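Letter by letter, the chains look like this.
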Amino acid sequence: MSDHAVLHVKGRVLVGPDDIRDELWVVDGRISYDRPVGAQDVRTVEGWTLPGLVDAHCHVGLGPHGPVDIDVAEKQARTDREAGTLLIRDAGSPSDTRWIDDREDLPKIIRAGRHIARTRRYIRGFAHEIEPEDLVTYVAQEARRGDGWVKLVGDWIDRDLGDLAPSWPREAAQAAIEKAHSLGARVTAHCFAESSLRDLVESGIDCIEHATGLTDDLIPLFAERSVAIVPTLVNIATFPRLADGGESKFPRWSAHMRRLHERRYDTVRGAYDAGIPVYVGTDAGGTLPHGLVAAEVEELTKAGIPALQALAATTWTAREWLGRPGLEEGAAADLVVYETDPRADVRVLAAPRRVMLNGRVVG
């Protein structure tokens with residue numbers, strides 16, 4: 001398709017869960033619901049159309065040992081694009097991926113800067129590793145580097161305890177979150193365990209990644225403060241393997257990880273039932289492959305979230321949460337077309353019929 005062609009998208013256009021239209025037009029890379037006058041070169045695509053999918057926890061530019069070369073980062077981004085993921089919240093990366101912003105054929109990225117972790121309390125090569133007295137300084141730095149988000153590592157294994165433990169004293173976390181907010185950034189945190197959550201939420205955090213430690217007594221606090229969670233269930237599925245690997249050295253930690261895994265679906269369903277915002281994220285990068293967005297949506301439905309709400313968590317509500325448009329008039333034409341209705345069966349998401357970025361068919 002030439003850059004100047006007009007594209008006519010027909011069938012069922014899912015502008016929102018309750019806003020379904022028969023067609024849209026793509027003119028100069030933008031969405032229009034008015035037929036263009038005098039269009040000569042018109043191409044047609046038919047099917048069920050959604051806004052480009054959102055992966056709200058994805059690490060482009062990150063590999064098993066830290067930052068990766070540009071060609072590897074590009075392959076990661078292409079893999080996500082081919083899966084229909086056209087908007088990524090990169091929840092921490094040591095790589096500079098700003099060059100992707102100049103590529104109209106790669107997903108749009110909202111960055112959280114680099115992870116900020118306690119010294120020797122995270123995966124080597126991934127994060128800034130610092131002590132609490134430096135937390136505010138590093139949060140300010142990453143708030144300025146990112147796109148409105150900062151990523152903390154809220155807990156990790158404490159070798160002296162042999163189990164997960166909070167990374168930051170409450171006072172340090174609260175000061176850092178307040179600093180980020182003063183700079184216009186939201187804050188999220190990696191948290192597996194229970195013990196780090198109350199202090200972070202009461203300190204004003206905006207989101208928790210994984211949230212496997214969310215318990216019945218904490219759920220009302222999250223709901224009251226509208227703290228979102230991104231469960232990354234495709235990543236939580238690896239907990240038994242991780243527990244097996246650490247059994248001999250850290251048996252207490254291993255048993256804890258197995259318990260968190262066993263109750264993962266109940267945790268997510270309890271959060272959803274209480275009205276806590278839940279969004280789709282895969283935790284791709286590091287050791288997990290890219291392109292798993294459809295699998296994560298299916299995992300949310302296995303947890304008991306209704307299919308339409310699981311779909312919204314990677315489309316309409318996710319884009320609204322991140323402040324990015326969907327299929328609105330005049331928005332960039334970032335959309336995915338499917339053969340059948342994804343509301344009826346979310347597994348359809350694994351087989352996009354057409355993928356379009358900025359009005360160009362890229363897959």
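To start, this report covers the structure provided alongside it. (Residues numbered from 1 in each chain as written. Predicted model: local features only at pLDDT ≥ 70, side-chain atom pairs only at ≥ 80, totals over all residues. Heavy atoms only, no water.)

## Some details on the packing of helix 2 (residues 135-145) against helix 3 (residues 170-182)
Helix packing for two helices is described by the angle between their axes and how far apart those axes are.
Argument step 1. Put simply, helix 2 and helix 3 touch, their axes get as near as 9 Å, and they point 25 degrees apart. Looking at the two axes, helix 2 sits roughly parallel to helix 3. Taken as a pair, helix 2 and helix 3 cross one another with a handedness that is right-handed. Along the contact surface, helix 2 presents Leu 135, Val 136, Val 139 and Ala 140, while helix 3 presents Ala 172, Ala 173, Ala 175, Ala 176, Lys 179 and Ala 180.
Argument step 2. Here the residues of the contact of helix 2 with helix 3 sort into nine nonpolar, no polar and one charged. (Axes fitted to C-alpha atoms, helices over the stretch in contact; angles between N-to-C directions. Helix = DSSP H or I, 4+ residues; strand = E, 2+ residues; numbered from the N terminus. Parallel < 35°, antiparallel > 145°, perpendicular 65-115°, else oblique. Left-handed = near helix turned anticlockwise from the far one by under 90°. Contact = heavy atoms within 4.5 Å. Nonpolar A, V, L, I, M, F, W, Y, C, P; charged D, E, K, R; others polar.)

## Topic: the side chain of Asp 334
Argument step 1. As for its placement among the helices and strands, Asp 334 is situated in the loop between helix 12 (316-322) and strand 18 (335-338).
Argument step 2. Leave out the neighbours within four places in its chain, and Asp 334 touches Pro 51, Gly 52, Leu 86, Lys 108, Arg 319, Leu 327, Met 356, Leu 357 and Asn 358.

## Digging into helix 7 (residues 239-246)
Argument step 1. For helix 7, the full list of buried residues reads Phe 239, Ala 243 and Gly 246. Down the axis of helix 7, the sector holding all buried residues measures 70 degrees, keeping them to one side. Exposed side chains of helix 7 directed beyond 90 degrees from the buried face belong to Arg 241, Asp 244 and Gly 245.
Argument step 2. In this structure, the buried residues of helix 7 make contact with helix 6 (233-236) and helix 8 (251-262). (Buried < 20%, exposed > 50% of the residue type's maximum accessible area, 1.4 Å probe, protein only. Arc of directions from axis to C-beta.)

## Things to note about the sheet that holds strand 3 (residues 30-32)
Adjacent strands of a sheet pair through backbone hydrogen bonds, lying either parallel or antiparallel.
Argument step 1. One open sheet accounts for seven strands, arranged 3-2-1-4-18-19-20; its pairing is mixed. Strands with a single pairing partner mark the edges of an open sheet, and in this sheet they are strand 3 and strand 20 (360-361).
Argument step 2. Of the pairings in the sheet, the one linking strand 1 (residues 6-16) to strand 4 (residues 42-51) comprises eight bridges and is parallel in character. Residue pairing across strands places His 8 opposite Thr 44, the latter belonging to strand 4. (Pairing = 2+ DSSP bridges.)

## Some points on helix 3
Argument step 1. Here helix 3 spans 18 Å end to end across 13 residues, near enough to the 18 Å set by a 1.5 Å rise per residue.
Argument step 2. Among all positions of helix 3, only Ala 172, Ala 173, Ala 176, Ile 177 and Ala 180 are buried. For helix 3, the angular spread of buried residues about the axis comes to 125 degrees, placing them on one side. Seen from the open side of helix 3, the exposed residues pointing more than 90 degrees away from its buried face are Glu 171 and Ser 182.
Argument step 3. After helix 3 finishes, the residue Gly 184 shows a positive phi value of roughly 80 degrees. (Expected span 1.5 Å × (residues − 1).)

## A closer look at the packing of aromatic side chains
Ring pairs (aromatic) are described by centroid distance and by the angle formed between their planes.
Argument step 1. Throughout the structure, instances matching the rule amount to six aromatic pairs.
Argument step 2. Measuring from ring centre to ring centre gives 4.8 Å for Phe 192 and Phe 239, while their planes differ by 70 degrees; the resulting arrangement is edge-to-face. Here Phe 239 lies in helix 7 and Phe 192 lies in the loop between strand 15 (186-191) and helix 4 (197-202), a separation of 47 residues in the sequence.
Argument step 3. For Phe 192, a relative accessible area of 7% gives the class buried.
Argument step 4. Looking at Phe 239, the relative accessible area reads 0%, which means it is buried.
Argument step 5. Following the ring pairs from residue to residue traces out a cluster consisting of Tyr 122, Phe 126, Trp 156, Phe 192 and Phe 239.
Argument step 6. If you follow Arg 89 out to its NZ or CZ, it ends over the ring of Trp 149, 4.6 Å from the centre. (Phe/Tyr/Trp six-rings, centres within 6.5 Å; stacked < 30°, edge-to-face > 60°. Lys NZ or Arg CZ within 6 Å of the ring centre and 35° of its normal.)

Geometry only, nothing functional implied.
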